[in-house]
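# Analysis of the macromolecular model
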There are 4 protein chains.
Amino acid sequence: MSNTFGNIFRLTSFGESHGAAIGGVIDGMPAGIQIDLDFIQKELNRRKPGQSKLTTARKENDEVEFLSGIFEGVTTGCPIGFLVRNTNQHSNDYSNIKDTYRPSHADYTYQQKYGLRDYRGGGRSSARETIARCVGGALAKLALQQLGITVQAYTSQVGNIRLEKPYTSYDLSTAESNDVRCPDSEVAEQMTALISEVKAQGDTIGGIITCVIKGCPVGLGEPAFGKLHAALGGAMLSINAAKGFEYGLGFAGVTQRGSEQNDIFENQNGVIHTRTNNSGGIQGGISNGEDIYFNVAFKPVATLLMAQETVTLDGTPTTLTARGRHDACVLPRAVPIVEAMAAMTILDYYLLNQTTHVKK
Amino acid sequence: MSNTFGNIFRLTSFGESHGAAIGGVIDGMPAGIQIDLDFIQKELNRRKPGQSKLTTARKENDEVEFLSGIFEGVTTGCPIGFLVRNTNQHSNDYSNIKDTYRPSHADYTYQQKYGLRDYRGGGRSSARETIARCVGGALAKLALQQLGITVQAYTSQVGNIRLEKPYTSYDLSTAESNDVRCPDSEVAEQMTALISEVKAQGDTIGGIITCVIKGCPVGLGEPAFGKLHAALGGAMLSINAAKGFEYGLGFAGVTQRGSEQNDIFENQNGVIHTRTNNSGGIQGGISNGEDIYFNVAFKPVATLLMAQETVTLDGTPTTLTARGRHDACVLPRAVPIVEAMAAMTILDYYLLNQTTHVKK
Amino acid sequence: MSNTFGNIFRLTSFGESHGAAIGGVIDGMPAGIQIDLDFIQKELNRRKPGQSKLTTARKENDEVEFLSGIFEGVTTGCPIGFLVRNTNQHSNDYSNIKDTYRPSHADYTYQQKYGLRDYRGGGRSSARETIARCVGGALAKLALQQLGITVQAYTSQVGNIRLEKPYTSYDLSTAESNDVRCPDSEVAEQMTALISEVKAQGDTIGGIITCVIKGCPVGLGEPAFGKLHAALGGAMLSINAAKGFEYGLGFAGVTQRGSEQNDIFENQNGVIHTRTNNSGGIQGGISNGEDIYFNVAFKPVATLLMAQETVTLDGTPTTLTARGRHDACVLPRAVPIVEAMAAMTILDYYLLNQTTHVKK
Amino acid sequence: MSNTFGNIFRLTSFGESHGAAIGGVIDGMPAGIQIDLDFIQKELNRRKPGQSKLTTARKENDEVEFLSGIFEGVTTGCPIGFLVRNTNQHSNDYSNIKDTYRPSHADYTYQQKYGLRDYRGGGRSSARETIARCVGGALAKLALQQLGITVQAYTSQVGNIRLEKPYTSYDLSTAESNDVRCPDSEVAEQMTALISEVKAQGDTIGGIITCVIKGCPVGLGEPAFGKLHAALGGAMLSINAAKGFEYGLGFAGVTQRGSEQNDIFENQNGVIHTRTNNSGGIQGGISNGEDIYFNVAFKPVATLLMAQETVTLDGTPTTLTARGRHDACVLPRAVPIVEAMAAMTILDYYLLNQTTHVKK
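Within every chain, residues take consecutive numbers counted from 1 along the sequence as written. Chain letters start at A and ligand numbers start at 1, both assigned in the order the entries are written. Two thresholds apply to this predicted model, a pLDDT of at least 70 for residue-level local features and 80 or more for giving and counting side-chain atom pairs, whereas whole-chain, interface and lining totals are computed over all residues. Water and hydrogen atoms play no part in the side-chain values, which are based on all heavy atoms of the structure.

What follows is about the packing of helix α1 (residues 37-47) of chain D against helix α3 (residues 130-145) of chain D. All names here are of chain D. A fitted line through C-alpha atoms serves as each axis, taken over the contacting stretch for helices, and the angle formed by two N-to-C directions is quoted from 0 to 180°. Think of it this way: any DSSP run of H or I at least four residues long counts as a helix, any run of E at least two long counts as a strand, and we number them from the N terminus. Where α1 meets α3, the axes come as close as 9 Å, and the angle between the chain directions of the two elements is 140°. In this view, α1 runs oblique relative to α3, as classed from their interaxial angle. Judged by the sense of rotation from one axis to the other, the crossing of α1 with α3 is right-handed. Every residue of α3 that contacts α1 at F39, I40, E43, L44, R46 and R47 is listed here: T130, I131, C134, V135, A138, L139, K141 and L142. Just so you know how the angles are binned, under 35 degrees is roughly parallel, over 145 roughly antiparallel, 65 to 115 roughly perpendicular, and the rest oblique. The crossing is said to be left-handed when, going from far helix to near helix, the turn is anticlockwise and less than a right angle, and right-handed when the turn is clockwise. Contact criterion: two residues are considered in contact whenever any of their non-hydrogen atoms come within 4.5 Å of each other.

For the rest of this paragraph, the subject is the relation of the copies chain D and chain B. The transform that puts chain D on chain B rotates by 180° and translates by 0.0 Å along the axis, for an RMSD of 0.0 Å. The symmetry that links the two subunits is that of a two-fold axis. Across chain D, the rotation axis passes nearest the C-alpha of D:Q354, at a separation of 3.2 Å. Here 100% of the contact residues of chain D are again contact residues in chain B; the copies associate through an equivalent surface. Our superposition of the copies is a least-squares fit, built on the C-alpha atoms of residues whose pLDDT is at least 70 in both.

Taken together, the contact pairs 17 residues of chain D with 17 residues of chain B. Note on terms: buried area is the combined drop in 1.4 Å-probe accessible area of two parts once they are placed together, counting the loss on both. Roughly 1,600 Å² of surface becomes buried between chain D and chain B when both sides are summed, with 63% attributable to carbon and sulfur atoms. By the criterion of area lost to chain B, the three top residues of chain D are D:Q354, D:T355 and D:V358, representing 37% of everything that side buries. Whenever a carboxyl oxygen of Asp or Glu lies within 4 Å of a side-chain nitrogen of Lys or Arg, that contact is scored as a salt bridge. The interface formed by chain D and chain B contains 0 salt bridges.

Turning our attention to the sheet that holds strand β3 (residues 21-27) of chain B. Residues and elements named next belong to chain B. Strands are treated as partners if at least two bridges between them are detected by DSSP. A sheet is described by the order of its strands in space; here 5 strands give the open sequence β1-β2-β3-β7-β4, paired in antiparallel fashion. Unpaired on one side and paired on the other, β1 (4-5) and β4 (64-66) mark the two borders of the sheet. Here 6 bridges tie β3 to strand β7 (residues 80-85), and the two strands are oriented antiparallel to one another. Within β7, the position partnered with I26 by the bridge is I80. Relative to the sheet, helix α1 (residues 37-47) contacts β4 and β7, its axis offset from that of β4 by approximately 140°. The strands that helix α3 (residues 130-145) touches are β2 (10-15), β3, β4 and β7; relative to β3, the one it contacts most, it runs at about 35°.

Turning our attention to the interface of chain B and chain A. Taken together, the contact pairs 108 residues of chain B with 108 residues of chain A. Between chain B and chain A, the buried area comes to about 8,000 Å², and carbon and sulfur atoms account for 59% of it. The three residues of chain B that bury the most area against chain A are B:K113, B:F225 and B:K243, which together make up 11% of that side's buried surface. For the pair chain B and chain A, the number of links is 6 salt bridges. One salt bridge connects B:R275 with A:E309, and the closest N-O pair in it is separated by 2.9 Å. Whenever two N or O atoms come within 3.5 Å, that pair is a polar contact, provided that in protein one can donate a hydrogen and the other can accept it, and provided that, for residues adjacent in sequence, both atoms are side-chain atoms. At the junction of chain B and chain A, the tally comes to 49 residue pairs in polar contact (both at pLDDT 80 or more). Polarity classes work like this: nonpolar for Ala, Val, Leu, Ile, Met, Phe, Trp, Tyr, Cys and Pro, charged for Asp, Glu, Lys and Arg, and polar for all others, with Gly in that last group. Across the side of chain B that touches chain A, the residue classes tally to 41 nonpolar, 49 polar and 18 charged. Where strand β11 (residues 242-247) of chain A meets strand β11 (residues 242-247) of chain B, 3 bridges bridge the pair, whose relative direction is antiparallel. Pairing of A:G244 across the sheet is with B:E246, part of β11(B).

Here you go:
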């Protein structure tokens, strides 16, 4: 179970890397939202393999087919079924891992938990599953658009190369103009060079994605356990290869005094705002109307195009060199996935917040 | 809503800082577990105010009363209601914040979301709510005990003072021997000194808690959205003042190559283990049998015993100096809360995992 | 688990017949609702034992204490903890059933499922658990009141004695004027006589409760699985001793032709209504603005004050004659419970319906 | 929302009558279950239109395609996506109802709730949605088979024609040998004649389906709100056209005395059983090991091939005569749907029951 995400707006996803299709059902999509299919396909294309030299060579069209819930271009409030066919499987690439556990992959844990596994391309544990998230996220974005809420993520660190300034120092709209999705073109080039270097070695590298949500009204979040940042954190950590989450000042803020970190309330032209935003737009688990921003840490991709020691299913030591087509760094393609999870979370909590009072 | 935590083992909590009581209902507690009331009270005492010079002077006995679900000392499988009366409220300490928003507190967001708030001591947003979590966690620990699973947290950083080595370098059982709950007595003294210094200034300081789960079997975790670390992360981020979560190598690992970070599988006397444990005991969202470890970042306490600018409910600028009794650093008292959330999460996922196969 | 009812408005209940207390937590109660404590206590008194000669002689004050979520008489949107102490336990009345399974009670199934049971007064399976429902229902009614929605139930059948006409033929407000809660005073007397007769024999009798919900707007209900009548049915069937549920024409309607049963739409002064209401106010699982009405069947109480054959825990045949204080017919006291479950369901679905569209 | 059914074993369904496809995702299917595709297709064929003279002439192959979660013929524990393409839509049959509300259909309530509706063939409110339930039910049956649990339903009443004896008097395996699915061939003929007669008049007729579950172990059911019969009742009432549910003696039992209805416990060769089974296999909300049986009432189909008064969307009176292909009686095709909902409920509660105790 637990292939369902969300409370009111809910995505249930299915699909394996080399099965027939990846897809899902979106339930709780608000009725009456105009559906822009081009926009949705563009969102999907942002995570597509083969879109640049930085990403895996696997070629997939990743065309989404909607099966229900949309009538004459508008959402009906009924569940939206969708699927993306897998077309470019090279399943025999994976025959060598049928009986071998790839280091730092999910092979061992799936095998132990379920007693069997679809080993082809990692099966369900493959990041191809995130296609469903991108579709859900694209729909959520269409609903958020009507509310003036935007979600924008970008690569802020690859290996040791990172943006030194906070998100407010950059024009985030430029992030999409380079393959690595970093809003500083010079840093982007350095990141690209690093990824290329690592890739040439058959190795991989990690990094950090920063996400910014603007236009979010005051009031989203459901304490105690449904704090908005807890929901965002849980969502982000469910993305493949994610290893950490922090919002506002996050880990760096632990060295500060309260007198440095507290955000002073001010009256700005009749609206209460905070002078600084160290809180990251969330106080007491509830959005306060300021920008929400957070970081997600991603580990280096586990699949290496170099020999690694490991064991077979029965525990015999062996050596494995991956075949197949793999990313040397997930960051560029993870940017739209971070956005998708954020958009779904925000819409879900927006809808939940509509239940705080009875309305005639 | 969202005052319920968990899927099978579920804690529903209630209560405000200065209301009649804090309490909750634990549903899904396995039947047949022997209840050690002394142990539970001791766990509660670990988070109690006034237990050392480092913590708030508020004196509360925090005695838990169980109301159901336990019969002749054994859990019956029926819901366990419990409460802890609030006895030492000084509500008039808070009359000055009735009409004022405390910086970086939840006053503003609660007022805006709900249209009113119990301002006394922060009401529902007070960390007194975590009493319920400690009770839930203590019960979960009693069940985990039978399975040989232990959960141990400790303070690994306060401000700039931190443990430099990984958890495996310390005897974690010594953490409880000092007020700050740090397993290195020298570092503990430095932390204590820092907190005292900060407190004397009327200021506050943040820090990091590390948690280690030992004895967890392979197989806990429910991909895609119920990955074990996503559940742990969501749980930790729901704790008051938490700003970040990372497991395994976490944020530090983003600078590594895959060839450095991957955990090689080995056959150790017939059992498959990983040579290193950079994965933090979780791979593909499922526990792999190694130790699970993670960090939680806490911001400095928002309540300062010094003057701060802010605004009133109607936006008029004002200055606020907190009265009342407050911690200068939440870390020491947050250690048992981190453990409690971890124990509840692990037990919940242990029970969920019992549904992976049908058993005759 | 499953001691939680509802989706947005959620009651989590706890407590056993002879434990310390019955209570619960209400989460998702809308903020800003004025709380009328007298009204709530009156609702509780309607289900109280000992209120008339027809009911058990057990004397309980059943005074509810609220522990959170209400501030200065108004709901805050935070969870509402409450409890009712058990004060009049005669636990030694039950020592004889410690090792014996009472026929048609839950003794056997609880013992088998959980491996142990609190046998005193039926423990968790006792209808004293419905106290928590009545508190939740009273709160829900206070919210529904603001929306002009009313919920009214009455006893429509006891044994073979029944009201022959549909609910529209009676002044339902008169139901509370007699002990049996039937809106026809003559029939009420016959019912009362029957219950007294049965009681004198140490026997028990079943019956039917009818419930009518007026003022419910169009649009409540969440197909496919959350149809409003499915939610109401599930709610009613969760009441102790309930054996059946039907809405609109229900079972009687199966003999009709579609041309008889269909409800014709009409324009009544600019508002679309149905000419008849065989649908019971729900079409396609969604309320249509007409009165919602349904029946709940209750079996005769299982506890008899006469000798019955049975077996002990180890299967030895024995004979059991109940001691203790018991109702000969649950109907009169079940009326407020049916209302409570209906009120909670309607409020829950009202709030859910507020998420159908995004609202700026 | 609420297009998801179940707690552990969960079906999320999607699709409209005249959209691209009906389908769903099954999450929580136990791992390691052998999948018999022929069996699943046969189950689907039992609800297929056009299978006999009694059912609608709409011709659909209703071939299910599985998209995930099954590997080499065995379930992997990962979500099972599936779909059935709609191929025989005659959407222009429905152009006349675009602006008109069909009596006792969901047109009006959907339009009011969502602000728009897919009017073609009833859209989401069409019983074609139950295809997804039959697929889910077939999978559940495959898991239950391994546990020796069987689910069998049959038509026990059509209009005034009914089986007079309890289920134990019939050989239920013969039910499938006639079009109406009644285990008494003579009564089946009378039912068939009645349906044909009603159909010739352009009218429709209701009826009752009885369902029997054998082999269910003691212990399924989660009081208080998750009583097994409450779950079954909620499940059955979510089926299109269902108007009532009763289990055990149900409504008929309300006229009995407790001394008549109570089920005496007996020791039958070392196993505790009840002498009678008026409880319907469930006591205190938990299965007691006896056969579970219940009835579901279905109203006459709302679509009539005769003129009916109604109004248009703007309230103008009009007359409507249905075109299209419709059943005169849903009972025969609803039998497999009742079984499917029962099988999913039982499997779900079987898995839930596996969490009652911790198991090493």
